[in-house]
Amino acid sequence: MNLQPASCKRPPELKVCGLTKPNQIQELIAMKVDFLGFIFYKKSPRYVLNHLALEDISKINHSGKTGVFVNEAIDKIVEIAEKAQLHFIQLHGDENNDFILKLREQLQPGSKIIKVIRIGNDESENRSKIANIFDSQSTTYSPNPISYYLFDTDSKAFGGTGKQFDWTLLNEFEIPLPYFLSGGISEDNIEHLDSLVQKPFALDINSKFEIDPGNKDIDRIKKFSSLIRKSPEGTI
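Anyway, here's the lowdown on the structure attached to this text. Note that this is a predicted model, so its numbers are computed, not measured. (Residues numbered from 1 in each chain as written. Predicted model: local features only at pLDDT ≥ 70, side-chain atom pairs only at ≥ 80, totals over all residues. Heavy atoms only, no water.)

## Considering the pairing of strand E1 (residues 13-16)
Turning to step 1, where the next piece is worked out: In terms of strand pairing, E1 meets strand E8 (residues 202-205) through four bridges, oriented parallel. Directly across from leucine 14, in E8, lies its bridge partner leucine 203.
Turning to step 2, where the next piece is worked out: The sheet contact formed by E1 and strand E2 (residues 35-39) spans two bridges and is parallel. In the sheet register, valine 16 faces E2, and the bridge partner there is leucine 36.
Turning to step 3, where the next piece is worked out: Regarding topology, helix H1 (residues 22-30) serves as the crossover connection from E1 to the parallel E2, and that connection is right-handed. (Pairing = 2+ DSSP bridges. Helix = DSSP H or I, 4+ residues; strand = E, 2+ residues; numbered from the N terminus. Right-handed = clockwise from strand over helix to strand, strands pointing away.)

## Describing the pattern of salt bridges
Turning to step 1, where the next piece is worked out: Taken as a whole and judged by the stated rule, the model has 13 salt bridges.
Turning to step 2, where the next piece is worked out: When the shortest N-O distance is used, the salt bridge between lysine 59 and glutamate 55 registers 3.3 Å.
Turning to step 3, where the next piece is worked out: Since its relative accessible area comes to 60%, lysine 59 is described here as exposed.
Turning to step 4, where the next piece is worked out: For glutamate 172, the salt bridge goes to arginine 127, with nearest N and O atoms at 2.6 Å. With a gap of 45 residues between them, glutamate 172 in the loop between strand E6 (148-153) and strand E7 (179-181) and arginine 127 in helix H5 (residues 123-140) connect regions that are remote in the sequence.
Turning to step 5, where the next piece is worked out: Overall, the relative accessible area of 33% leaves glutamate 172 in the partly exposed class.
Turning to step 6, where the next piece is worked out: Judged by relative accessible area, which is 30%, arginine 127 ranks as partly exposed.
Turning to step 7, where the next piece is worked out: The network of salt bridges with shared partners includes Arg46, Glu210 and Lys216. (Salt bridge = Lys/Arg side-chain N within 4 Å of Asp/Glu carboxyl O. Buried < 20%, exposed > 50% of the residue type's maximum accessible area, 1.4 Å probe, protein only.)

## Focus on the sheet that holds E1
Turning to step 1, where the next piece is worked out: Strand order in this closed barrel of eight strands is E1-E2-E3-E4-E5-E6-E7-E8, and the pairing throughout is parallel. Taken over all neighbouring pairs, the strand axes of this sheet differ in orientation by 25° on average, direction set aside.
Turning to step 2, where the next piece is worked out: Here four bridges tie strand E3 (residues 65-69) to strand E4 (residues 88-91), and the two strands are oriented parallel to one another. Of the residues in E4, the one forming a bridge with threonine 66 is phenylalanine 88.
Turning to step 3, where the next piece is worked out: Along the sheet, helix H4 (residues 97-106) contacts E4 and strand E5 (112-119); its crossing angle with E5, the most-contacted strand, is approximately 160°. (Axes fitted to C-alpha atoms, helices over the stretch in contact; angles between N-to-C directions. Contact = heavy atoms within 4.5 Å.)

## Here's the deal with the packing of aromatic side chains
Turning to step 1, where the next piece is worked out: Here the structure, examined in full by the defined rule, presents 13 aromatic pairs.
Turning to step 2, where the next piece is worked out: The interplanar angle of 55° and the centroid separation of 6.2 Å between the aromatic rings of phenylalanine 88 and tyrosine 148 together place this pair among those described as tilted. Of the two residues, phenylalanine 88 is situated in strand E4 and tyrosine 148 in strand E6; the sequence distance between them amounts to 60 residues. Neither residue differs from the other here; phenylalanine 88 and tyrosine 148 are each classed as buried.
Turning to step 3, where the next piece is worked out: Residues phenylalanine 151 and tyrosine 179 carry aromatic rings whose centres are separated by 5.4 Å and whose planes lie at 80° to one another, so their mutual orientation is edge-to-face. One end of the pair, phenylalanine 151, is in strand E6; the other, tyrosine 179, is in strand E7, and 28 residues separate them in sequence.
Turning to step 4, where the next piece is worked out: The exposure class assigned to phenylalanine 151 is buried, which follows from its relative accessible area of 0%.
Turning to step 5, where the next piece is worked out: Looking at arginine 220, its charged tip hangs above the ring of phenylalanine 209, at a distance of 4.6 Å from the centre. (Phe/Tyr/Trp six-rings, centres within 6.5 Å; stacked < 30°, edge-to-face > 60°. Lys NZ or Arg CZ within 6 Å of the ring centre and 35° of its normal.)

Worth remembering: the numbers are spatial, not functional.
Written as structure tokens, this is what we have:
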């Protein structure tokens, strides 16, 4: 596949995932964080419903509320999305094209779907997986029911590894949608964004910015947010 020219020259937006504490959520809103991620996966140590009710989430005044789901039933996703008033649905499991299309049909028209592509250690398998996803969706669906991709490091726990995959793999593809970049992003590796031909639309941070699961290091997030937002022309 041909390489795509670099995307628009602007700093990436910021998503903070795995939120559980109301006071921290309000601090992030005050910081103008672009996306707030709530994990609706019971096996996650950041399972939000252990801390907040759907009504609590619905009352959060923010336009980037994102629900993270792993192999959940469509009717359950739709129910949670409506009760929590979510704006983005992040699919982090093995959801196929038919599942995504059916989900799109049942969600509110303004809701957007983020499909996660998990990147493992097998380079050949990764290339095949990415190519198959891009090709099947571009030839099967118009318009595409997916609004964004999210690339994350693969794990049995479906994310939250704090580990970085080989970002240069993305340079081998023309990524047809704006994408979130996740997987061990921190101040220590952010300069590696310069190696990407097509820059991410947003950065997704989680475990690297925690004191313990679900308890964020707000001061560190503030510094990181300032770092990426002052970068000229979307570079670090």
